[in-house]
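Architecture at a glance
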Amino acid sequence: MVPEAEFASYYGRPIIKAPSWSATDIAGYFFLGGLAGAGSVLAAGAQLTGRGSTATAMKVSSLGAVSLAAAALIHDLGVPSRFPNMLRVLKPTSPMSVGSWLLAAYGPAAGVAAVCATTGRLPRIGAVATGAAAVFGPAVASYTAVLAADTAVPAWHGAHRELPYVFTASATAAASGMALVAGPVRESAPARCAAVAAAMAEAAAVRAAEKRLGMVAETYRQGRAGQLMRCARWLTAAGAAGAAALGGRSRTAAVAGGLAMLAGSACTRFGVFAAGIASAEDPKYTVVPQRSDAPSDTRSDTRSDARPEVPTCGPHDHEES
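Keep in mind that this is a model prediction, so the values were computed, not measured.

Quick look at the environment of Asp76 now. Checked against the element boundaries, Asp76 lands in helix H2 (residues 52-77). C-alpha of Asp76 to C-alpha of Asp25: the two residues are 51 residues apart in sequence and 6.0 Å apart in space. For Asp76, the contacting residues outside a window of four places in its chain are Trp21, Ser22, Asp25 and Ile26.

A few words now on the packing of aromatic side chains. Tallied over the entire structure, the rule returns 4 aromatic pairs. Taken together, a centroid distance of 6.4 Å and an interplanar angle of 45 degrees make the contact between Tyr29 and Phe30 tilted. The burial state of Tyr29 is the same as that of Phe30; both residues are buried. Grouped by ring-pair contacts, the aromatic residues Trp21, Trp156 and Phe273 constitute a single cluster.

In a regular helix each residue adds 1.5 Å, so 27 residues correspond to 39 Å; helix H5 (residues 123-149) covers 40 Å between its end C-alpha atoms and thus fits that length. The largest bend along H5 reaches roughly 35 degrees and is located at Phe136, with the proline Pro138 sitting one to four residues downstream.

Our focus in this paragraph is the state of the cysteines. Evaluation of the coordinates by the stated rule reveals 0 disulfides. Left without a disulfide partner, Cys231 is nearest to the cysteine sulfur of Cys267, which lies 5.3 Å away.

Calculation criteria
Residues numbered from 1 in each chain as written. Predicted model: local features only at pLDDT ≥ 70, side-chain atom pairs only at ≥ 80, totals over all residues. Heavy atoms only, no water. Helix = DSSP H or I, 4+ residues; strand = E, 2+ residues; numbered from the N terminus. Contact = heavy atoms within 4.5 Å. Phe/Tyr/Trp six-rings, centres within 6.5 Å; stacked < 30°, edge-to-face > 60°. Buried < 20%, exposed > 50% of the residue type's maximum accessible area, 1.4 Å probe, protein only. Expected span 1.5 Å × (residues − 1). Bend = angle between axes of the 7 residues up to and from the residue. Disulfide = S-S within 2.5 Å.

Structure below.
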């Protein structure tokens, strides 16, 4: 039998080219976009339920987050004019094109909502802008997961079904943490409930993604990505537990829980980014899963040790006898 071939790449070089994105810019963009989008949803809910202080705080934080996210994206692009150039056409099949238009629509709505809330002027226009920002918010918070999964990076593309849920839950955790930090304690009940739900949903989505990834899930458990994902898990769980237990009575506990939720969400985004880079740089995460998914040939006539059968008695033997 021919021994099973062991994996080896051409001089150990990667099979695919790792993304040239800056970790600070793009992972930060992932985090800030999620914070802004989910924050607008919480702001709309707070306004509808009469929690005016929390609504104003979340509108301002969403405007600040989306502004920083746009700055990080433009900085990574290198040339500022590249961002408006992406708005010349709309390609529904391109996550980058759709995301650019989402930012172009969401940013002004978040800005008008924040300005009207802080100045107290034009309340009707402010209410419409708040609603528009809440409509675009979920897409802004989750489209970056589609953008990452649409690449050939094994740790991202292999989890294309679960990654949007991971990003959405992480964004909700960040927004609820910001609401706990910036809003008064008397208005923090919805934020505390959202924090607990987000922590549970994020943990479940990450486990589902790792299960689907198989051996590629090693990139989420080892190295820098492993450290970040472990920190994210503990910070998010501790922040949600502290906010649920003491956040309704203690301002200090609410702020501490909110900061832990924010830090945990940031660690999740940076951890996912680091796992993707690690999977792209190691060629085995590209080749080995493809080999395991390939159909095996079980036909017996293709074995290397198969030999033709030799007759024990030929026709001439019968004639001689």
